[in-house]
Amino acid sequence: MRKVFKMLALLIAATMLFVSCGKKEEAATTESGEKKVVIKLSTKFVQDEQTSKSLVRVAEKIKERSNGSVEIQVYSGGQLPIGKDSMEQVANNANWISVDGLNFIGDYVPDFNAINGPMLYKNFDEYLAMTQSDLVKKLKSKAGEKGIKVLSLDYLFGFRSMLTDKVIKTPADLKGLKIRVPNSQLYMYTLEAMGANPTPLPFTEVYSGIQQGVVDGLEGSLMTIYGTKIYEVRKNISLTNHLLGVSAVSISKTVWEGLSENQRTIIQEEFDAGAKYNNDVTVELQTEYKVKLEESGVKFNEVYLPSFNAETAKVFSKFPKWTPGIYDEIQKELKAIRAK
Ligand code: G3P
């Protein structure tokens with residue numbers, strides 16, 4: 001009798017184990033049998049900025065198309081590590097997508113800084129053609145060798161100009177002004193060349209930094225200036241258009257290769273489509289935001305561009321880690337793009 005009880009108990013235990021294993025399986029896979037993956041996406045952009053909105057839209061589309069097998073959780077406004085720290089998560093193979101400046105991939109493949117150098121592009125299309133060039137394809141594959149899969153380089157948020165109280169026309173006008181820049185060597189050298197005292201500061205500290213006199217102003221795009229409400233504390237935009245504000249989307253190559261082919265296709269297609277959507281909306285919003293900024297008392301002025309161009313050209317010889325001749329290669333590509 002005892003033996004029967006023992007066998008019965010064993011049978012019940014085995015059945016329970018089987019059922020619980022099944023449940024575990026259920027939680028980790030979707031109806032279509034694909035392994036479910038949750039990926040955190042970290043971005044500096046606040047919720048009200050278009051890039052954040054576009055990324056939320058991409059995440060929704062990916063979830064829908066993958067029947068829930070890929071869930072991308074978007075964390076905006078620097079709720080999670082951003083910049084260098086965010087790229088480290090990617091490099092350390094976390095389930096993580098980093099959306100930030102190209103300069104942070106530039107920490108791994110320095111030439112990424114060069115293609116986002118000062119005064120290179122006349123419009124969005126020139127830059128978008130550059131990211132399709134063989135030159136940039138080579139850089140992407142170098143990033144792959146460092147364990148970084150670049151999903152997109154195409155999330156534009158506009159040319160960056162000066163937001164100060166002083167009207168800036170030439171580099172001499174920037175002399176002595178402390179201008180907030182992102183924590184990036186490229187931005188430091190560019191603003192230095194333009195005549196300013198560049199001061200790296202996380203964007204979340206810029207509003208109070210201006211109020212407390214830590215910085216006199218900043219450089220940024222209309223999307224940033226309007227979207228973050230930073231125009232409330234400075235009222236003059238000098239149109240230097242010195243750097244193009246653009247974000248790269250990166251994921252760990254190991255994480256990427258661990259996804260099914262179907263999941264990879266969906267993610268890639270949706271980030272591509274999302275960039276196109278983001279850029280189209282951005283073009284429209286820039287015009288709208290200019291009017292809104294003017295209504296809020298912000299004044300715009302043209303600058304004497306040749307004087308800034310002459311100074312910023314020096315930046316391209318400042319990076320010992322850039323591939324020799326990269327500036328000439330970029331110029332060659334640009335010439336071909338403009339000839340089309
Ligand atoms: O929300 C801030 C974003 O619009 C710009 O950030 O660091 O590139 O100036 P940053």
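As a reminder, the structure under discussion sits directly above these lines.
A brief report on the enclosed structure follows. Note that the structure is predicted; figures quoted are calculated from it, not measured.

## Section: the site of the ligand
Around the ligand sit Lys44, Phe45, Glu49, Phe157, Arg160, Arg180, Pro182, Phe203, Thr224 and Thr228, and that is every residue in its neighbourhood. Taking lysine 44, its side chain carries an N or O atom lying 2.7 Å from an oxygen atom of the ligand. The separation between an oxygen atom of the ligand and a polar side-chain atom of glutamate 49 is 2.5 Å. About the coverage of the ligand: the protein hides 96% of its 310 Å² of free accessible area.

## Focus on unusual backbone geometry
In this structure, lysine 229 is a non-glycine residue whose phi angle is positive, near 65°. Non-glycine residue asparagine 241 carries a positive phi angle of around 45°. Relative to the helices and strands, asparagine 241 resides in strand β8 (residues 236-252).

## As for the pattern of salt bridges
Between side chains of opposite charge, a pair can form as their charged atoms come close. Across all of its chains, the model carries 13 salt bridges by this definition. Of the charged contacts in the structure, one is a salt bridge between arginine 160 and glutamate 219, with a shortest N-O distance of 2.9 Å. Placement of the pair is arginine 160 in strand β4 (residues 148-164) and glutamate 219 in strand β7 (residues 217-220), with a sequence separation of 59 residues. Like glutamate 219, arginine 160 is buried. Between arginine 234 and aspartate 165 there is a salt bridge whose closest N-O contact spans 3.4 Å. Placement of arginine 234 in the loop between α10 (222-227) and β8 and of aspartate 165 in the loop between β4 and β5 (178-181) is noted, with a sequence separation of 69 residues between them. Under the relative-accessibility criterion, aspartate 165 is labelled partly exposed at 47%. Residues joined in a network through salt bridges with shared partners are Arg65, Glu269 and Glu270.

## Some remarks on the pairing of β4
The element β4 is largely enclosed, with a buried count of 16 among its 17 residues. When β4 meets β8, the two strands line up antiparallel, connected through 12 bridges. Bridge pairing in β8 places threonine 164 opposite asparagine 236. One ladder, built from three bridges, connects β4 with β7; its direction is antiparallel. In the sheet register, leucine 163 faces β7, and the bridge partner there is leucine 218.

Criteria and cut-off values
- Residues numbered from 1 in each chain as written.
- Predicted model: local features only at pLDDT ≥ 70, side-chain atom pairs only at ≥ 80, totals over all residues.
- Heavy atoms only, no water.
- Near = heavy atom within 4 Å.
- Polar contact = N/O pair within 3.5 Å; in protein donor to acceptor, adjacent residues only side chain to side chain.
- Areas by Shrake-Rupley, 256 points an atom, 1.4 Å probe, with all protein chains shown as cover.
- Helix = DSSP H or I, 4+ residues; strand = E, 2+ residues; numbered from the N terminus.
- Salt bridge = Lys/Arg side-chain N within 4 Å of Asp/Glu carboxyl O.
- Buried < 20%, exposed > 50% of the residue type's maximum accessible area, 1.4 Å probe, protein only.
- Pairing = 2+ DSSP bridges.

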